[in-house]
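# Geometric and topological summary
The lines below spell out each chain.
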Amino acid sequence: MPLPDLTDLAVPGTTIQIRVTPKAARSRIERGSDGLRIYVTTVPENGKANAAVLKLLAKALGVPKSRMSIIRGLQSRDKTIKVG
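Since the model is a prediction, treat every value here as computed from it, not as a measurement.

## A word on the overall build of the protein chain
For the protein chain, the helix and strand inventory stands at one helix and five strands. The helix and strand sequence of the protein chain, counted from the amino end, reads β-β-β-α-β-β. In summary, the protein chain has a C-alpha radius of gyration of 12 Å against a globular reference of 12 Å for 84 residues, a match within 12%. Its C-alpha atoms give the protein chain principal-axis dimensions of roughly 30 × 25 × 25 Å. Counting every position in the protein chain, which comprises 84 residues, the buried fraction comes to 37%. Once local pairs closer than 6 in sequence are excluded, the contacts in the protein chain between residues at least 24 apart make up 44%.

Below you can see the structure in the form of structure tokens.
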């Protein structure tokens with residue numbers, strides 16, 4: 001399944017609300033009326049799931065992952081990502 005086109009969210013200074021599901025069968029992003037849901041195959045330990053989320057989201061946004069950071073929810077399923 002290809003990633004959705006999220007380039008409209010790639011404006012510097014934008015914050016994105018996401019809900020993460022770790023240990024999924026496959027990595028994917030779903031865009032719905034309630035926001036973004038990101039599924040990653042990695043486990044939520046030692047920041048592995050957070051790194052996978054940033055990598056997948058950066059690919060969908062078309063920006064380098066170094067321009068993104070998690071500003072809220074490092075250890076939560078609900079996260080706020082800031083595009084720099």
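Structure's up, so let's keep going.
## Some thoughts on the side chain of Lys79
Residue placement: Lys79 occurs in strand E5 (residues 78-83). One buried charge, Lys79, has no salt-bridge partner; the nearest side chain with opposite charge is Asp78, at 8.9 Å. Only 3.3 Å separates the side chain of Lys79 from the backbone oxygen of Leu74, close enough to count as a polar contact. A distance of 2.6 Å separates the side chain of Lys79 from the backbone oxygen of Ser76, its partner in a polar contact.

## Concerning the environment of Glu30
Relative to the assigned elements, Glu30 resides in strand E2 (residues 28-32). Considered as a pair, Glu30 and Thr7 are 23 residues apart in the sequence and their alpha carbons are 14 Å apart. When sequence neighbours within four positions are dropped, the list of residues in contact with Glu30 reads Gly35, Leu36, Arg37 and Tyr39. Within the local environment of Glu30, its side chain forms a polar contact with the side chain of Arg28, the two groups lying 3.3 Å apart.

## Observations concerning helix H1 (residues 48-61)
In an α-helix there are 3.6 residues to a turn, and that puts residues three or four apart on one side. Taking 1.5 Å per residue, 14 residues should reach 20 Å; H1 reaches 20 Å between its end C-alpha atoms and fits that length. Along H1, the residues classified as buried are Ala49, Asn50, Val53, Leu54, Leu56, Leu57, Ala58, Ala60 and Leu61. On its buried side, H1 packs onto strand E1 (15-21), E2, strand E3 (35-39), strand E4 (68-72) and E5. The first or second residue beyond H1 is Gly62, which carries a positive phi of 80 degrees.

Quick notes on the rules
- Residues numbered from 1 in each chain as written.
- Predicted model: local features only at pLDDT ≥ 70, side-chain atom pairs only at ≥ 80, totals over all residues.
- Heavy atoms only, no water.
- Helix = DSSP H or I, 4+ residues; strand = E, 2+ residues; numbered from the N terminus.
- Rg over C-alpha atoms; globule rule 2.2 N^0.38 Å.
- Buried < 20%, exposed > 50% of the residue type's maximum accessible area, 1.4 Å probe, protein only.
- Contact = heavy atoms within 4.5 Å.
- Lys, Arg positive; Asp, Glu negative; His and termini not counted.
- Salt bridge = Lys/Arg side-chain N within 4 Å of Asp/Glu carboxyl O.
- Polar contact = N/O pair within 3.5 Å; in protein donor to acceptor, adjacent residues only side chain to side chain.
- Expected span 1.5 Å × (residues − 1).

Worth remembering: the numbers are spatial, not functional.
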